[in-house]
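Notes for the structure review
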Amino acid sequence: MDAEAAKYIGAGLATLGMIGSAVGVGNIFGQFLSGALRNPSAAAGQVGNLFVGAALAEALGILAFVLGVLMIFG
């Protein structure tokens, strides 16, 4: 295998974290909506936790993308 091909394969595998991030954010919002429908009075107190969790999951996805780009161009 050529070293250039191995670099592209490694970068592609590194960016798979973006898929996990998308699944995680969908799971976070889905579980929030499920809980909010069960107990609507408690939903307002959990909105901050919802956005913090979504932001952390997205940050990991962005980190995976940056690592993949650095592997290609670095």
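From a predicted model like this one, the values you see are computed outputs, not experimental measurements. (Residues numbered from 1 in each chain as written. Predicted model: local features only at pLDDT ≥ 70, side-chain atom pairs only at ≥ 80, totals over all residues. Heavy atoms only, no water.)

1. Some remarks on the UniProt feature "domain: V-ATPase proteolipid subunit C-like" (unreviewed entry) in the protein chain
Where we set the bar: UniProt positions are given in the numbering used here, feature names are shortened, and annotations may be inferred rather than shown by experiment. By definition, any uninterrupted DSSP run of H or I lasting at least four residues is a helix, any uninterrupted run of E lasting at least two residues is a strand, and each is numbered from the N terminus.
With numbering aligned to this structure, UniProt lists the feature "domain: V-ATPase proteolipid subunit C-like" (unreviewed entry) at residues 9-71. As a span, residues 9-71 carries 90% helix and 0% strand, and end to end its C-alpha atoms are 10 Å apart.

2. Section: the pattern of salt bridges
Cut-off, in case you're wondering: Definition used for salt bridges: Asp or Glu carboxyl oxygen within 4 Å of a side-chain nitrogen of Lys or Arg.
Tallied over the full model, the rule gives one salt bridge. For K7, the salt bridge identified is with E4, shortest N-O distance 3.5 Å. Placement of both K7 and E4 in helix α1 (residues 3-14) is noted, with a separation of three residues, approximately one turn of the helix.

3. Some words on helix α2 (residues 17-38)
Inclusion rule: Helices are assigned an expected span. That span is 1.5 Å times one less than the residue count. For every residue, the accessible area (1.4 Å probe, protein chains only) is compared with the maximum for its type, and the residue is labelled buried under 20%, exposed over 50%, or partly exposed between those bounds. It is the directions from the helix axis to the C-beta atoms that the arc portrays.
An ideal rise of 1.5 Å per residue puts 32 Å on 22 residues; α2 measures up with 32 Å between its terminal C-alpha atoms. Of all the positions in α2, only S21, V25 and A36 are classed as buried. Axial view of α2: buried residues confined to an arc of 35 degrees, hence all on one face. Summarising the geometry of α2, the exposed residues directed more than 90 degrees from the buried face are I19, V23, Q31, L37 and R38.

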